[in-house]
Amino acid sequence: MGSNPVAELRHIHKVYGSGDTEVRAVNDLNLTVEAGDYIAVMGASGSGKSTAMNILGCLDRPSSGSYLLQGQQVDGLSDDALAILRNRCLGFVFQQFHLLGHLSAQENVELPMVYANVPAEERQQRAVEALQRVGLGQRLRNKPNQLSGGQQQRVAIARAIINRPALLLADEPTGALDSETTADVLEIFDQLNGDGMTVVLVTHEHDVAERAKQRVLFRDGRIAN
């Protein structure tokens with residue numbers, strides 16, 4: 001990958017509203033994510049961490065500043081170009097699993113590859129391998145309502161990594177799970193990072209953040225030194 005960081009936010013501002021109602025959600029944010037990093041992002045509610053994650057994930061656009069993803073300038077891209085970039089370069093895991101209830105675990109995992117025009121046979125093979133990797137090789141045909149919360153989150157992780165993203169973004173991925181299941185899910189993140197995947201995880205739980213190699217604290221829309 002050369003010396004380019006995976007993601008680089010430079011002097012990012014995000015402003016909502018104007019005048020008396022103006023809110024500076026992110027204020028002159030600078031953040032560099034190197035290949036192989038495992039970063040936990042922490043901060044109080046309203047500190048800007050979720051806005052920063054949405055900008056990193058190309059789900060929101062900054063008001064000003066520049067964002068480079070794998071050396072490519074992201075700001076200024078069309079919505080269609082951003083969607084392609086998200087599909088190819090980014091993986092997402094959320095607190096709510098966002099699985100489609102009418103699809104099996106395997107079909108849910110295959111979805112990003114459908115959008116990426118991966119041939120059906122390869123889609124099936126890669127989905128099975130991804131589900132085996134997260135310990136769900138026996139649950140390929142199960143629908144989400146036949147799976148526990150922890151199992152649903154594992155399906156979501158398998159779906160997030162299926163296109164081999166340059167950056168895996170996880171927003172409170174254990175927020176809806178009990179402590180034992182949390183440990184199982186965090187073990188998967190540890191393994192993925194150990195295999196070289198770059199991970200940025202938002203959490204308010206210190207024991208979750210402890211698993212990361214680096215912790216970043218947000219305060220008032222920027223990183224608190």
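Thresholds applied
- Each chain carries its own residue numbering, running from 1 in the direction its sequence is written.
- Where local features are concerned, this predicted model is filtered to residues with pLDDT of at least 70; where side-chain atom pairs are given and counted, the filter is 80 or more; whole-chain, interface and lining totals use all residues.
- Side-chain calculation: all heavy atoms of the structure are included, whereas hydrogens and water are not.
- Strands are runs of DSSP state E lasting at least two residues, helices are runs of H or I lasting at least four, and both sets are numbered from the N terminus onward.
- Expected helix span is given by 1.5 Å per residue-to-residue step, counting one fewer step than there are residues.
- Using a 1.4 Å probe on the protein chains alone, a residue whose accessible area is under 20% of its type maximum counts as buried, one over 50% counts as exposed, and one in between counts as partly exposed.
- Taking the helix axis as origin, the arc is that swept by the directions to the C-beta atoms.
- Here a polar contact means two N or O atoms within 3.5 Å. Within protein one must be a hydrogen donor candidate and the other an acceptor candidate, and residues neighboring in sequence count only if both atoms are side-chain atoms.
- A pocket, in this scheme, is an open set of points on a 1 Å grid over the protein atoms alone with protein on both sides within 12 Å along at least 5 of 7 lines, while a cavity is a set where a 1.4 Å probe fits but cannot get out; residues line either one if an atom lies within 4 Å of a point.
- Grid points are joined across faces, edges and corners, and a volume is the space filled by probe spheres set on the points.
- Following the grouping adopted for this structure description, the nonpolar residues are Ala, Val, Leu, Ile, Met, Phe, Trp, Tyr, Cys and Pro, the charged ones are Asp, Glu, Lys and Arg, and the polar ones are all others, Gly among them.
- Salt bridges are identified by distance alone: a Lys or Arg side-chain nitrogen within 4 Å of an Asp or Glu carboxyl oxygen.
- Any two strands with at least two DSSP-identified bridges between them are counted as paired.

A.B. asks: Could you clarify how one ought to interpret helix α6 (residues 179-194) in this entry?
C.D. replies: Residues lying three or four places apart along an α-helix face the same way, a consequence of the helix completing one turn every 3.6 residues. The terminal C-alpha atoms of α6 lie 22 Å apart, and with 16 residues this matches the ideal 22 Å at 1.5 Å per residue to within 8%. Along α6, the residues that are buried comprise Thr181, Thr182, Val185, Leu186, Ile188, Phe189, Leu192 and Asn193. Down the axis of α6, the buried set is contained in an arc of 145 degrees. They therefore lie on one face. Seen from the open side of α6, the exposed residues pointing more than 90 degrees away from its buried face are Ser179, Glu180 and Gly194. A side-chain oxygen of the first residue of α6 lies 3.1 Å from the backbone nitrogen of Glu180; this N-cap is Asp178. Where α6 ends, the next residue or the one after it, Gly196, has phi of about 105 degrees, a positive value.

A.B. asks: What is the right way to look at empty space enclosed by the protein in this model?
C.D. replies: Inspection of every chain in the model, using the stated rule, returns three cavities of 30 Å³ or more. Space inside the largest cavity adds up to approximately 70 Å³. Around the largest cavity sit Met53, Asn54, Leu59, Phe92, Val93, Phe94, Leu169, Ala170 and Asp171, which together line it. The set of elements that each furnish at least two residues to the lining of the largest cavity consists of α1 (49-56), β6 (90-94) and β7 (167-171). Class assignment for the residues of the lining of the largest cavity results in seven nonpolar, one polar and one charged. When the residues that make up the lining of the second largest cavity are grouped by side-chain class, the tally is six nonpolar, no polar and three charged.

A.B. asks: Even after reading the chapter, I still don't get the environment of Gly101, so can you show me in this structure?
C.D. replies: With respect to the helices, strands and loops of the structure, Gly101 is situated in the loop between β6 and α3 (105-115). For Gly101 and Gly76, which are 25 residues apart along the polypeptide, the C-alpha to C-alpha distance reads 35 Å.

A.B. asks: I'm lost on the pattern of salt bridges in this one. Help?
C.D. replies: Any two side chains of opposite charge can pair if their charged atoms end up close together. This model, assessed by the stated rule, comprises 10 salt bridges. When the shortest N-O distance is used, the salt bridge between Asp60 and Lys14 registers 3.2 Å. Note that Asp60 is positioned in the loop between α1 and β4 (64-69) and Lys14 in strand β1 (residues 7-16), a separation of 46 residues in sequence. Three or more residues are tied together by salt bridges with common partners; here these are Glu187, Asp190 and Arg211.

A.B. asks: What exactly am I supposed to notice about the sheet that holds strand β3 (residues 38-43) here?
C.D. replies: By way of backbone hydrogen bonds, the strands of a sheet pair with one another, either parallel or antiparallel. The six strands are arranged β6-β7-β8-β3-β9-β10 in an open sheet whose pairing can be described as mixed. Each edge of the open sheet carries a strand with a single partner, namely β6 and β10 (222-223). With five bridges joining them, β3 and strand β9 (residues 214-219) adopt parallel strand pairing. In the strand pairing of β9, Met42 is matched with Leu217.

A.B. asks: Mind showing me how you'd approach the sheet that holds β4 here?
C.D. replies: The four strands are arranged β2-β1-β4-β5 in an open sheet whose pairing can be described as antiparallel. Single-partner strands in this sheet number two, and they are β2 (23-33) and β5 (72-73). Pairing between β4 and β5: two bridges, direction antiparallel. In the sheet register, Leu68 faces β5, and the bridge partner there is Gln73.

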